[in-house]
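Below are the chains, spelled out letter by letter.
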Amino acid sequence: MKKDQLQKNKAERNKTIAISNEEVLRLKQKILTLNSKAQSRDILGKIINQDIFSVLDLLPEKLVDLLFIDPPYNLTKEFNSNKFKRTTAVRYEEWFDSWFSLLIKTLKPTASVYICGDWNSSAAIFNIMSKYLKVRNRITWEREKGRGAKSNWKNCSEDIWFGTVSKNYFFDSKAVMLKRKVVAPYRDSEGKPKDWSESENGNYRLTHPSNLWTDITVPFWSMSENTEHPTQKPEKLLAKIILSSSRIGDVVFDPFLGSGTTSVVAKKLGRNYCGVDIDEFFCCLAEKRLEMAEYDKTIQGYTDGVFWERNSLSEQNKNDKNRMVLASGNLLEYTKI
């Protein structure tokens, strides 16, 4: 475990999740290591701390309903005690195929698969997915973070490739509607809102999800989900994928779990989960987040069964207050009766 300072002196508003040495010793007891072929009951609700190559042959077959993969991109990057080195496009694709081909047997015939990548690794992802799955779409999501570049375009987007094992798969678009402010509030001949609704908090329209996501916020220090993991994905991003492509009780699997976002969101949304990561520290961090999810089911940007635009927290809070006032009024009327 490389982390020297597990608990840092943080500013009052810094909500980054940290773990103490004492917590690490306790959380390590929850982590699983596989030495023989596992049954589903052995690994569901668990985090496996191993290299992915040592686990693949030990996982149950036809277990997974939703596979989410956020592998190392073809970049030189440190992940605490581990380092991934950039290589040629051909060698990256060969490395990708070497483990992805072994994951296929874990998928149910109705399973869906989502794989993250950047512009430099997307070609390899498409090529490998095409060998084993039916590629359905490519989602591009906007990162508002990113350094500028003098001789190239600023890199502020990433891809998520979507595929399925067969033509028979689950997808619920109504579970991932996006609530947007109405810029042009058109009305019908009777003066009523056309495809939008008005309220004292503003005018909004529920829109169907597209493959261009501009409502995602990358975790940072003032967000309660933030960790020290260098490539942490937002809970909101995982919520969109899990809600659209799995049912309550389905099995969600992540072979590069990192700080645990996939399992945490799966737990919050009532799915079964399992994840693998090579780094013990990040496995402990994920275990702590899973404990926190026992009493905190909130997902930033997801309220009342809909997703909200970025930077709309104050509007969401107004909506919550009005709902509480309405509920109190109804309770008062009930008490009078």
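Note that residues are indexed from 1 along each chain, following the sequence as it is written. For a predicted model such as this one, the threshold for reporting local features is a pLDDT of at least 70, and the threshold for listing and counting side-chain atom pairs is 80 or more; totals across whole chains, interfaces and linings nevertheless cover every residue. Values reported for side chains reflect all heavy atoms of the structure, with hydrogen atoms and water molecules removed beforehand.

Enquirer: Explain the overall build of the protein chain to me, and be specific about the residues and the numbers.
Expert: A run of H or I in DSSP becomes a helix once it reaches four residues, and a run of E becomes a strand once it reaches two; helices and strands are each numbered from the N terminus. For the protein chain, the count of helices and strands is 9 helices and 15 strands. Counting the 337 residues in the protein chain, one finds 46% classified as buried. Two residues form a contact once any of their heavy atoms are found within 4.5 Å. Look at the contacts in the protein chain between residues 6 or more apart in sequence, and 68% of them connect residues 24 or more apart. The protein chains shown are the only cover counted for residues, whose accessible areas, like all others here, come from Shrake-Rupley with a 1.4 Å probe. Surface summary for the protein chain: the accessible area is close to 18,000 Å², and the carbon and sulfur share equals 50%. Categorising residues by exposure relies on relative accessible area from a 1.4 Å probe, with only protein chains included: less than 20% of the type maximum marks a residue as buried, more than 50% marks it as exposed, and the intermediate range marks it as partly exposed.

Enquirer: Pulling in residues and values, what's your account of the layout of surface pockets?
Expert: Empty space among the atoms can be located by rolling a probe the size of a water molecule over them. Points on a 1 Å grid over protein atoms alone make up a cavity when a 1.4 Å probe fits among them but cannot get out, and a pocket when they form an open set with protein on both sides within 12 Å along at least five of seven lines; lining residues each have an atom within 4 Å of a point. Grid points are joined across faces, edges and corners, and a volume is the space filled by probe spheres set on the points. Computed from the structure, the second largest pocket encloses a volume of approximately 870 Å³. Along its surface, the second largest pocket is lined by 38 residues, and Ser224, Ile299, Gln300, Gly301 and Leu313 are the ones closest to its centre. The set of elements that each furnish at least two residues to the lining of the second largest pocket consists of α6 (235-245), α7 (261-268), α8 (280-292), β14 (302-303) and α9 (313-336). Looking at the lining of the second largest pocket, the element that brings in the most residues is α9, giving 4 residues. Under this grouping Gly is polar, as are all residues other than the nonpolar Ala, Val, Leu, Ile, Met, Phe, Trp, Tyr, Cys and Pro and the charged Asp, Glu, Lys and Arg. By residue class, the composition of the lining of the second largest pocket is 12 nonpolar, 12 polar and 14 charged.

Enquirer: How would you sum up the packing of helix α4 (residues 89-103) against helix α5 (residues 122-132)? Please name residues and give values.
Expert: The axes used here are C-alpha line fits, helices contributing only the stretch in contact, and every angle between their N-to-C directions lies in the interval 0 to 180 degrees. Running from amino to carboxyl end, α4 crosses α5 at an angle of 35°, the nearest separation of the two axes being 9 Å. Crossing hand, α4 versus α5: right-handed. Two secondary-structure elements touch here, α4 through Tyr92, Glu93, Phe96, Asp97, Phe100 and Ser101 and α5 through Ala124, Ile125, Asn127, Ile128, Lys131 and Tyr132. Grouping the constituent residues of the contact of α4 with α5 by class yields 7 nonpolar, 2 polar and 3 charged. Crossing handedness follows the turn of the near helix against the far one: under a right angle anticlockwise gives a left-handed crossing, and clockwise gives a right-handed one.

Worth remembering: the numbers are spatial, not functional.
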